[in-house]
Every structure is written in structure tokens, then in C-alpha cells.
Amino acid sequence: GGKVSVPTTLNSQSVDRRRWEMLGVDEKLAANANAVGDAYLSLGCEMSFTCAPYLLPSAPRLGDQIMWGESNAVVYSNSVIGARTEKYADYFDICAAIVGLVPEIGVHLDSQRQPGIIIDTTKLIEKHILPSIVEDSSDDGTELESLFPLLGWTIGNLSSGKIPLILGMDLLPIVSGDNLKSFCA
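Only a predicted model underlies this, so the values are computations on that prediction, with no experimental measurement involved. (Residues numbered from 1 in each chain as written. Predicted model: local features only at pLDDT ≥ 70, side-chain atom pairs only at ≥ 80, totals over all residues. Heavy atoms only, no water.)

With that out of the way, let us pick up the overall build of the protein chain. Within the protein chain, the regular secondary structure consists of six helices and two strands. Walking the protein chain from its N terminus toward its C terminus, one meets helices and strands in the order α-α-α-β-α-α-β-α. The C-alpha extent of the protein chain, read off along each of the three principal axes, is 60 × 45 × 30 Å. The proportion of buried residues among the 185 residues of the protein chain is 32%. Across the protein chain, the fraction of contacts at a sequence separation of at least 24, relative to all contacts at a separation of at least 6, is 59%. Working note: accessible area of the protein chain is about 11,400 Å², and carbon and sulfur atoms make up 56% of it. (Helix = DSSP H or I, 4+ residues; strand = E, 2+ residues; numbered from the N terminus. Buried < 20%, exposed > 50% of the residue type's maximum accessible area, 1.4 Å probe, protein only. Contact = heavy atoms within 4.5 Å. Areas by Shrake-Rupley, 256 points an atom, 1.4 Å probe, with all protein chains shown as cover.)

Shown next, in the form of C-alpha cells:
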């Protein structure tokens, strides 16, 4: 059989590999899901089973060419890390891992990583967010937890598939990794 030729993580599978029985999952469904996972492991994939591979020690770095299919991971890798991936369909990613290549298309190319829309959050943050942070000087960033998924959803809808350049976020005094994850989800 084949083997992956580059480090390869796995997205979460449809059934918890260890606790399927405790969760009341049908035995046949669990067996089939685990068989698929086992097949990937036999190809040499890392036993990760996560939809957030950017949190692993093996996370890609700025400029790395990768192939991911999980929506939040694709946005996070391109926006936060600066790695390069399109959102790929199942099985295309394992083919790329085996041959060790990604297609020379889309955001893998410098020419395709230019913003197509500018979204300025400056007034929103200055008028509505910063005053509430200043009022509570003991804030540890938890007050902003609902801001990031809301902004992510809104900017995603306003962008209509274009790459957004987002202005004004640098005004926020605290931006955690969890904030960025929820923005990208």
C-alpha cells in the first residue's frame, strides 16, 4: 500500500473512536468509521482526528503549502498563520498527501492572495467596543468573546467569497487565540 509523503493530520471522524459505545452509537456505524480512520493511519497519517489542526505542535507555518478541507481550519491557516490552502473536498487531501504536492491554483499563488474587499471595523470598535472595555479595566478579554464570532460571520457574509482586508482590529487591546478561532469558525 501507499504512504503519505508529507506530514498529514486527520480531520475528526464521524464517531468518537474510543467512546462510541458509551455515547450510544450503533456498533456497525462505529466499526465503519473506525475502519476509515484506521485506513488513514495505515497510510502514515498523524493520529490527530481534529477539526483544528492549527492547534497541534505540527501546525503549518507562514508560507507553507497545505491542503485542508475543514472550513474553520482553512480560514485560520490563510488568515492567522499565513499558510496557504483552498477548501478542498474529501479524498483530494489524501491524494495530495501521498504525492506530496498541492495544485498551483487559488490562494496557493501570490497573485490570488490579494484582498478583493476592504472592511473597516474602526468606527464600530471605537464607538461600541472600546468604551465598554475602558469601563471595565479588569477585563481579561472574556467580554470580547461574543464579538469575534459575530464579526467573523458578518465579514464572511459581506465578503461574498472575496478575500477581505479587515481594518481596525488592531485597536483591540486583547486578542486571544480563542478569539481568532471563533472569528474563523
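Under the counting rule described, the total for this entry stands at four salt bridges. As a salt-bridge pair, Arg17 and Asp38 come within 2.5 Å of each other at their nearest N and O atoms. Taken together, the positions of Arg17 in the segment before α1 (27-42) and Asp38 in helix α1 put the pair 21 residues apart, joining distant regions of the chain. Given a relative accessible area of 39%, Asp38 falls into the partly exposed group. (Salt bridge = Lys/Arg side-chain N within 4 Å of Asp/Glu carboxyl O.)

Moving on to the packing of aromatic side chains. Under the counting rule described, the total for this entry stands at two aromatic pairs. Seen from their ring centres, Tyr54 and Tyr76 are 3.9 Å apart, and the 15 degrees between their planes marks the pair as stacked. One end of the pair, Tyr54, is in the loop between α1 and α2 (71-81); the other, Tyr76, is in helix α2, with 22 residues separating them in the sequence. On the basis of relative accessibility, which here comes to 9%, the residue Tyr54 falls in the buried class. (Phe/Tyr/Trp six-rings, centres within 6.5 Å; stacked < 30°, edge-to-face > 60°.)

Helices that pack against each other are described as a pair by the angle of their axes relative to one another and the distance between those axes. In contact at an axis separation of 7 Å, helix α5 (residues 147-159) and helix α6 (residues 177-184) are set at 35 degrees when each is read in the N-to-C sense. For α5 against α6, the interelement crossing comes out right-handed. The residues of α6 that touch α5, namely those facing Phe148, Pro149, Leu151, Gly152 and Ile155, are Asn179, Ser182 and Phe183. Tallied by class, residues from the contact of α5 with α6 come to five nonpolar, three polar and no charged. (Axes fitted to C-alpha atoms, helices over the stretch in contact; angles between N-to-C directions. Left-handed = near helix turned anticlockwise from the far one by under 90°. Nonpolar A, V, L, I, M, F, W, Y, C, P; charged D, E, K, R; others polar.)

With the rule as written, the count across this model stands at zero disulfides. Between Cys45, a free cysteine, and Cys95, which holds the nearest cysteine sulfur, the sulfur-to-sulfur gap is 11 Å. Among the residues examined, Cys95 registers a relative accessible area of 45% and is labelled partly exposed. (Disulfide = S-S within 2.5 Å.)

The backbone phi angle of Tyr91 is positive, close to 80 degrees, even though this residue is not glycine. Following the sequence through the fold, Tyr91 ends up in the loop between α2 and α3 (92-99). The phi torsion at Ser160 lies on the positive side, around 50 degrees, for a residue other than glycine. A relative accessible area of 61% places Ser160 in the exposed class.

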